[in-house]
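# Fold and contact review
Spelled out from the first residue to the last, the chains are:
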Amino acid sequence: MLELKDLRARLSLEGAPDRDILNGVTLTVPAGEVHAIMGPNGSGKSTLSYLLAGRPGYEATSGSAHFLGEDLLALEPEARAAKGVFLSFQYPVEIPGVPVMTFVRAAMNAQRTSRGEAEISAPDFLKKSRAIAERLRMDPDMLKRPLNVGFSGGEKKRLEIYQMLMLEPRLMILDETDSGLDIDALRIVSEGVNALRSPDRAMLVITHYQRLLDHIRPDRVHVLSAGRIIASGGPELALRLESEGYDALIAGAG
Amino acid sequence: MPDVKENIEAGTIEAVRGLEADRYSEGFVTDIEQELAPRGLTQETVRFISAKKEEPEWMLRWRLDAFERWQEMEEPDWALLSYPPIDYQDAHYYAAPKNASKYKSIDDVPKEILDTYAKLGIPLREQEVLLGVEGAKETAAAARETPRVAVDAVFDSVSVATTFKEELARAGVIFMSFSEAVREHPDLVRRYLGTVVPPTDNFFATLNSAVFSDGTFVYIPKGVRCPMELSTYFRMNARGSGQFERTLIIADEGSYVSYLEGCTAPMRDENQLHAAVVELVALEGAEIRYSTVQNWWPGDSEGKGGVYNFVTKRGDCRGARSRISWTQVETGSAITWKYPSCILRGDDSVGEFYSIAVTNGRQQADTGTKMIHLGRNTRSRIISKGISAGRSNNTYRGLVSVHPRASGARNFTQCDSLLIGSSSGAHTVPYIENRRADAQLEHEATTTRLSEDQLFYARQRGLGEEQAVALLVNGFVRDVIQKLPMEFAVEAQKLLEVSLEGSVG
Amino acid sequence: MSSSLSASAPLLDARSSGLLARLEAMDPSPSRLRAREAFARTGLPHRRIEGWRWSDVRAALSRPPAGGATDAPATPLAGGSGLAFGEGGLTAGELAVSSWTRGVSENEARVPDVGALGWLAEALALDGADITLAPGAQPLALVFSGREGDRFVHLRIRVPQGVEAQVAESHLSGGGFSSVRVDYVLEAGASLHRSVFLAGGAECVQAAVASVRLAPGARFHQTFLSLGAGLSRLETALTHEGDGSEAVLDGAYLLGEGRRTDVVTRVDHLGVGASTRQLVRGAVKSGGRGAFQGRFHVARHAQKTDARMQHHALLLEEGAEVNAKPELEIYADDVQCAHGATTGALDEAALFYMRQRGLPLAQARALLTLSFIASALESAPSGPREALLGEAERWLTGA
């Protein structure tokens, strides 16, 4: 479903020198599978997620990224979203003045329009929103407030999953979704994520720690270091990392 | 806390009465034989000054052209300042100790003048120099290394001594009086003079261009980090005279210099005019830090006397990645009209302005900065702290301008005003002009008074009211004080305390 | 601050002299004569006069018209009853509850300085009205339009003690030169919401000048939306004459190619414990130019003043220009005064976030921009609020 071949990337942001941050990533995520990307800070995990979502300034210098056979890198961010790419942000952005519901409905309808589907009716939208909010045990008032403004770290993460459940994407990229969550919230959020697991969806779970993977069981685990995948394996790889640490593995990979 | 409030108001009244001689310790007169230009300002005056300085013909031409233009110009009236019309014909445009231009070495300088500077805390004999400025002794004792400061001492219209010249010359640094530089380095002077502040820039700068007397010339060669702080100490002494100094600092590629400037004048019941021009040029990768502690005689409590300080200071970040930083502590002068500015021409250049302006008694200050963003990714930062006490008025006036080519420009401005007592005024007049969508400009300003709650809190813990005020004011100006070279920071802090003495109960 | 030209008698340009000559032909009242003298001090203002740096009326009027004048470029704000002024003066009028007379009677009280274009409107007003809003009066709608020539109108609106009222002004010139002056007088405890909508043709010079006098305890809320004009100036001179009055001076501007707006306010605090809140937001596209000039003046005895000024602008594209001069002039010490001003581009992180969720770039920009300016329109009362937000949204989406 998602195919990355020798993907290299450079970060060019205004006011900072260009920096190489991915040094040849090759990865295939078949439909129905959940893959975890683990790695120490600065290994390029977030870069990978931004690159796949199309954040301006993150530029692939060589290699390719295909989603459902289509060249992902050639698409605008909103076109990728319409194809079903959803990035749960590590740091969700605050947008003052735009209430959550207004925003999600605008996004949903834009995606639908782009796919040639009819817009969702207001009652249907409300019904769906209410059900999902309930499932994530969110205070309904939260959905009337401006997007992420004044939300706690945990509330923001929960709201990301709310949006994911509303938009029903095909490829879900979870960037450090567990940070800022307490144990109960982690469980609720993971249940939400797991509900979306299906044979025609794929998922990339980016995390520093093993604990999220206790709740969202990966099919494969990849270890990213210095912009390169240095090890891949089953769920047991994550457990090994937890007990031995990254250093041993990185040293071993030489 | 009604009693606190009453104390403050009573204190304000005290302050108005209290701005007297004992608080301006620099107010003495040096008795020395003078040489004066005849009163008045004509072409002849300009020729007289030029001849006194034994200037080449091109310099005289330059002055005369400026004088011609000046006669057609009008004095600006847009500042929030009020003062009676200045009679430009009623002053001596040149005043110097007799034979000053003949001093060959420090040994020729009359004892009265050496004593004057010693009394001001500026020893001019190198072996006596522990520090450029006194008052920092305690701090210096604590510091392992004794910082050294080279001094150019300007007494009325002439430079009387310049210290550490030889040592600096060994590093390739030219540090001398402006008059000497015109004679010894005419090529450098001609190449840069008037390129930052054109001779017809504004009324006061043009006046200066015609009659400037002395000042300091600095050239730091490529890649040289100036081995010590450089400074100029300006002293106005003669009755009925003005001071019109000219300073030109050039930092060549990759060089660095930190320069300090101090000013004082005797207490006189007349108004003395001071119209200086300072030009800074920073070439590629160079950095200039320019600090001023301005303590001209502010006049008495009724507003009699005091220096009229009309100054044009501008720095040109001409090369890429150059940096100019202005730091000023303005406590003196009856009138201050002064906007040290940066032209950010080179890509990635940086301009900074840190200012503390204190007005008390009947003082009026209209001061601030201009940051002109011309190059790409240029950055500027403005921190201004105004303190108004007594019956004074204190205005911040600034311009931040982003031109269409200045992609990625950034500015942050913070202007805070503090009012002490209810008879003073605090004003903020910023101009912001942005013609780049990718530029980011932020401006914040606040006006508050010394908090009664904080004062009470400090007093409850045992501080005297004066101490409490000093503590709070120090907190208020902290961001800027920290930007001063250490030996100046101590003096500045002391100066603030003295300036505000008696402003509360 | 006095201008460099006001000290001596200026040389008036031909257009200014022509305007003054017109008054000679009339039989001027003392008020008009006073206004004429005030105008003659500068004539038509230009950029060298302090306060007119970013709205050079003289230059704008010296450009020959290119024949692009249009009829009213937008729909006026609605009201329960109202007056409409066009090229020939009053064109329609019906005021149900309020009392009014055509023309403005002699000004007995101290007259606030409303700037050169305000004086010009008073001196040369072709038409006007003196209105007293009665208790229970319907929202009053005032519409000013026209497509050529010069149009000057002078109104006075009184809000008597304790009365709560609403006025909606629409300034919709398609061309020519217009200046409308409205003097608002709020008596003790009175309350007025003033909504102002300005949209002018690319060639027109349009000024909406108001003086506002607040008696003790009066409340004045102003909300404007300006879509600019060839040159558009919204000038408000507000005085807290007594204690405890309250002013809100909000609004937004949205400017496209060839449109300019200069939003100018001067607030004088003379009484104790009065408050002023000002939030102005703007967004400008390529070829547009916005300016904000705000000034709070707090007099020596106006202790406990609480005054906050905010101006925030977005430059949506290269080629846009925004200028600001947020001024404080404070002579009292026991006050809380602050201002903040920012200019910049839309937040890139927010834009990406929205696009990641599937919003097309244009829609994301429009939504972000609308949410950016909306908070400056929310102080308007229900009715005008929705109308102004609707106009803003139409402008942003190009609908």
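Just so you know, these numbers come straight off a predicted model, no measurement behind them. (Residues numbered from 1 in each chain as written. Chains lettered and ligands numbered in written order. Predicted model: local features only at pLDDT ≥ 70, side-chain atom pairs only at ≥ 80, totals over all residues. Heavy atoms only, no water.)

### Some words on the interface of chain C and chain B
Reports often express the size of an interface as the amount of accessible area lost when the parts come together. Residue-level contacts link 38 residues of chain C with 36 residues of chain B. Taking both partners together, chain C and chain B bury about 3000 Å²; carbon and sulfur atoms supply 46% of that area. The interface formed by chain C and chain B contains 5 salt bridges. Arginine 436 of chain B serves as the salt-bridge partner of glutamate 318 of chain C, at 3.2 Å between the closest nitrogen and oxygen. On inspection of chain C and its partner chain B, the count reaches 22 residue pairs in polar contact (both at pLDDT 80 or more). Only strand S18 (321-330) and strand S19 (336-344) of chain C provide two or more residues apiece to the side of chain C that touches chain B. With 10 residues, S18 of chain C is the largest single contributor of residues to the side of chain C that touches chain B. (Contact = heavy atoms within 4.5 Å. Buried area = accessible area lost by both parts, 1.4 Å probe. Salt bridge = Lys/Arg side-chain N within 4 Å of Asp/Glu carboxyl O. Polar contact = N/O pair within 3.5 Å; in protein donor to acceptor, adjacent residues only side chain to side chain. Helix = DSSP H or I, 4+ residues; strand = E, 2+ residues; numbered from the N terminus.)

### Describing the interface of chain C and chain A
Residue-level contacts link 17 residues of chain C with 30 residues of chain A. Interface area, chain C with chain A, both sides summed: about 1900 Å², of which 67% is carbon and sulfur. On the chain C side of the interface with chain A, the three residues burying the most area are Phe352, Tyr353 and Arg357 of chain C, jointly 41% of the side's total. On inspection of chain C and its partner chain A, the count reaches 3 salt bridges. Of all the secondary-structure elements, those providing two or more residues to the side of chain C that touches chain A are helix H5 (348-356) and helix H6 (361-374) of chain C. For the side of chain C that touches chain A, the element with the most residues is H5 of chain C, which contributes 7 residues.

### Describing the sheet that holds strand S5 (residues 70-71) of chain A
Residues and elements named next belong to chain A. Pairing is antiparallel across the open sheet formed by 4 strands, whose spatial order is S2-S1-S4-S5. In this open sheet, the two edge strands, each paired with only one partner strand, are strand S2 (19-29) and S5. Relative to S2, strand S1 (residues 2-11) runs antiparallel, the two sharing 8 bridges. Following the sheet pairing, leucine 7 is matched in S2 by valine 25. (Pairing = 2+ DSSP bridges.)

### Description of the environment of tyrosine 93 of chain B
Residues and elements named next belong to chain B. Counting through the fold element by element, tyrosine 93 comes out in the loop between helix H3 (57-72) and strand S2 (95-97). For tyrosine 93, a relative accessible area of 1% corresponds to the buried category. The sequence separation of tyrosine 93 and glycine 40 amounts to 53 residues, and the corresponding C-alpha distance is 7.4 Å. Among the polar contacts made by the side chain of tyrosine 93, one reaches the main-chain carbonyl oxygen of tyrosine 88 at a distance of 2.7 Å. (Buried < 20%, exposed > 50% of the residue type's maximum accessible area, 1.4 Å probe, protein only.)

### A look at H3 of chain B
It helps to recall that an α-helix has 3.6 residues per turn; residues three or four apart then point in one direction. Residue and element names in this part refer to chain B. Relative to the 22 Å expected for 16 residues at 1.5 Å per residue, H3 spans 24 Å between its end C-alpha atoms, a close match to the ideal helical length. Residues of H3 that are buried: Trp58, Met59, Leu60, Trp62, Arg63, Leu64, Ala66, Phe67 and Trp70. For H3, the elements touching its buried residues are helix H2 (43-52), helix H7 (178-184), helix H8 (186-192), helix H9 (203-211) and strand S8 (246-251). (Expected span 1.5 Å × (residues − 1).)

Honestly, that's just the spatial picture; any functional story needs more than this.
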